[in-house]
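Chain residues, written in single-letter form:
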Amino acid sequence: MKFYPDSERVQDQLDALPATAGVYLILTPGGPGHVSWSSKLRRRLGRLLASSYTAKANLLQRMRENSSVIEYWPTGSKLESSLLIYQLGKQFFPNDYLVRLHLRLPWFVALTEDVFPRLVTVNRTSGKVKGMLGPFVDRDSALRYAEAVSNLFQLRRCSEVLQPDPDHPGCIYGEMNQCLRPCQCAVSPEEYRTETARASEFLLSNGKSAIAILSAARDRAAEQTDFEAAGALHKRIEKLAAAAGERAAIAGELSSFSGVALTSGVERRRYRLWPMLNGCWQAPCDLDFTKADSQPKSLDSYLREVLAATLQAPRKAGNPVEEIALFSRWFYSSYREGEWFPFRNLSDLNYRKLVRAISNLVRTDSELSSH
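Remember, it's a predicted structure, so these values are computed and weren't measured experimentally. For every chain, the first residue of the written sequence is number 1, and numbering continues from 1 along that sequence. Reporting in this predicted model follows two pLDDT cut-offs: at least 70 for local features of residues, and 80 or more for side-chain atom pairs to be given and counted; totals over whole chains, interfaces and linings ignore these cut-offs and use all residues. Remark: hydrogens and water are excluded; side-chain values derive from all non-hydrogen atoms of the structure.

### Focus: the overall build of the protein
Alright, step 1. In DSSP terms, a helix is any run of H or I states spanning at least four residues, a strand is any run of E spanning at least two, and both are numbered starting from the N terminus. Scanning the protein from terminus to terminus reveals 13 helices and 13 strands.
Alright, step 2. Its C-alpha atoms give the protein a radius of gyration of 27 Å, clearly above 21 Å, the size a compact globule of 371 residues would have.
Alright, step 3. A total of 371 residues make up the protein; the buried ones form 43% of that total.
Alright, step 4. By sequence separation, contacts in the protein at least 24 residues apart represent 60% of the contacts at least 6 residues apart.
Alright, step 5. For the accessible areas, the method is Shrake-Rupley and the probe is 1.4 Å, while residue cover comes only from the protein chains on display. Per element, the accessible surface of the protein, about 20,400 Å² overall, is 50% carbon and sulfur.
Alright, step 6. Once the 48 positive and 41 negative side-chain charges of the protein are each reduced to a mean point, those two points are 5 Å apart. Each radius of gyration reported is based on C-alpha atoms, and the globular scaling rule is 2.2 Å times the count of residues to the power 0.38. Burial classes follow relative accessibility: with a 1.4 Å probe on protein chains only, a residue under 20% of its type's maximum area counts as buried, one over 50% as exposed, and anything between as partly exposed. Contact criterion: two residues are considered in contact whenever any of their non-hydrogen atoms come within 4.5 Å of each other. His is not counted, nor are the chain ends, whereas Lys and Arg count as positive and Asp and Glu as negative. In this description, the location of a charge corresponds to atom NZ of lysine, CZ of arginine, CG of aspartate or CD of glutamate.

Now the structure itself:
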């Protein structure tokens, strides 16, 4: 919707604004423009355009002289506002939209893409890393997880470009037998690749597959009364579990990070589903329960149909790191509104939990409406 400050009926236009949260965009020909969000859209624009202060009056006058236009969108959640501001920022301010949005890129843990890979923490995509895992709440949590995983495997930790040489001085990790010492030609690239594959497998499953294998071996050793071997395996399992515990439950591989966010809509008893597929946000799905008979007979079946139709031709053109940064800002925030339902494939989505969450929202809004 648009707002024209060149009109003499500014106050009437302000009174007609919805008393909800929303995003507004000020476009001035030849000017830098401005995009922002407010929890009370009418009050924010009222202070901006109808203030009695001289400075504000001059601002309104300048906007009238420059034929400025204000566009605004009522929003039902902070996630919706964040996604809309990101979209508008990329469209109207392509050179500095990240600065305008104060968007911090999230942190990931990844293996470098070279002959002798190592674990690193990164906050942007690069051809030098593969299998980025995250997002982590901050860099410190990513570093803790990377350090815990590094302690499980004998991967190198040095950042230099290796030129293996038997006369290489090595490092303290090699002396403590925590590195295979490829710098000193102690192992071949093929032998080092085997250790890298073990580390990669741990990262992909967060240790679940390794723990399952070791648990079975421990149980067999206990059945055969080989308690010494069972105890050693149990200590190894505890070490793996401790490292896995450093990783946030929500973290996953960037290229397959998928899920659905459930938030409120602008009006009561209206809700929105925000699917994310492979790190890219998709078009939202609207759910309308404003009428008594609006709820489908089978909400489970309806959700399956709606999400399948939305993701039939998914959007792939995007920057997954930036879009997951928007997810991180919402998910890790103390003011988070709504719930997140992750999935690997759409068939893995916990529809029962999603239906229960929607039903609880409808019940709560119905009770509020009755009072």
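### Considering unusual backbone geometry
Alright, step 1. The peptide bond linking Gly-134 to Pro-135 adopts the cis configuration, its omega dihedral lying at 0 degrees.
Alright, step 2. With respect to the element layout, Pro-135 can be found in strand S7 (residues 129-136).
Alright, step 3. A positive phi angle is found at Arg-181, which is not glycine, with a value near 55 degrees.
Alright, step 4. As for its position among the elements, Arg-181 is in the loop between helix H7 (172-175) and helix H8 (189-205).
Alright, step 5. Positive phi, close to 60 degrees, is recorded for Thr-225, a residue that is not glycine.

### Considerations on the confidence of the model for the protein
Alright, step 1. For every residue, the predictor reports its confidence as pLDDT, a number between 0 and 100. Averaged over all residues, the pLDDT of the protein is 88; the fraction at 70 or higher stands at 92%.
Alright, step 2. Segment residues 52-56 is flagged for pLDDT under 50; beyond a separation of four residues in sequence, or across chains, it makes 3 contacts in the model.

### Here we look at the pairing of strand S4 (residues 69-74)
Alright, step 1. In this description, strands pair whenever DSSP reports at least two bridges between them. In the sheet, strand S1 (residues 2-3) pairs with S4 via 2 bridges, with the strands oriented antiparallel. Considered in S4, the bridge of Phe-3 is made with Ile-70.
Alright, step 2. As defined by bridge partners, strand S2 (residues 22-27) adjoins S4 across 6 bridges and the pair is classed as antiparallel. Considered in S4, the bridge of Gly-22 is made with Pro-74.

### As for the pattern of salt bridges
Alright, step 1. Salt bridges are defined by distance alone: a side-chain nitrogen of Lys or Arg within 4 Å of a carboxyl oxygen of Asp or Glu. Enumeration according to the criterion identifies 13 salt bridges in this entry.
Alright, step 2. The closest approach of N and O atoms between Arg-270 and Asp-288, which form a salt bridge, is 3.3 Å. Here Arg-270 is found in strand S10 (residues 270-277), whereas its partner Asp-288 is found in strand S12 (residues 285-288), with 18 residues between them in sequence.
Alright, step 3. A residue is classified by how much of its surface remains accessible, and Arg-270, at 32% relative accessible area, is partly exposed.
Alright, step 4. Here Asp-288 falls in the partly exposed class, since its relative accessible area comes to 33%.
Alright, step 5. One salt bridge in this structure joins Glu-323 and Arg-315, with 2.5 Å as the shortest N-O distance.
Alright, step 6. The exposure class of Glu-323 is buried, given its relative accessible area of 1%.
Alright, step 7. Take Arg-315: its relative accessible area is 36%, and that puts it in the partly exposed class.
Alright, step 8. Salt bridges here are not isolated pairs; linked through shared partners, they connect Glu-80, Arg-272 and Asp-286.

### A few points about the layout of surface pockets
Alright, step 1. Buriedness for pockets is judged along seven lines, at least five of which must meet protein on both sides within 12 Å for an open set on the 1 Å grid over protein atoms alone, while cavities are sets there where a 1.4 Å probe fits but cannot get out, and lining residues have an atom within 4 Å of a point. Grid points are joined across faces, edges and corners, and a volume is the space filled by probe spheres set on the points. If you add up the space inside the largest pocket, you get close to 610 Å³.
Alright, step 2. Residue lining of the largest pocket: 20 residues in total, with Arg-247, Ala-249, Ala-251, Gly-252 and Arg-344 positioned closest to the centre.
Alright, step 3. Of all the secondary-structure elements, those providing two or more residues to the lining of the largest pocket are H8, strand S8 (252-253) and strand S13 (339-342).
Alright, step 4. For this scheme, ten residues count as nonpolar: Ala, Val, Leu, Ile, Met, Phe, Trp, Tyr, Cys and Pro. Four count as charged, namely Asp, Glu, Lys and Arg, and the remainder, Gly too, count as polar. Residues that form the lining of the largest pocket fall into these classes: 10 nonpolar, 5 polar and 5 charged.
Alright, step 5. Estimates place the volume of the second largest pocket at around 390 Å³.

### Considerations on helix H11 (residues 299-310)
Along an α-helix, a turn takes 3.6 residues, which lines up residues three or four apart on a common side.
Alright, step 1. A helix's residues, less one, multiplied by 1.5 Å, set its expected span. A rise of 1.5 Å per residue sets the reference length of H11, with its 12 residues, at 16 Å; its end C-alpha atoms lie 16 Å apart and thus fit the reference within 8%.
Alright, step 2. Those residues of H11 that sit buried are Leu-299, Leu-303, Val-306 and Leu-307. Angular distribution of buried residues about the axis of H11 spans 90 degrees; they occupy a single face of the element. Structural note: H11 exposes Glu-305 and Ala-309 on the side pointing more than 90 degrees away from its buried face. By construction, the arc corresponds to the directions joining the helix axis to the C-beta atoms.

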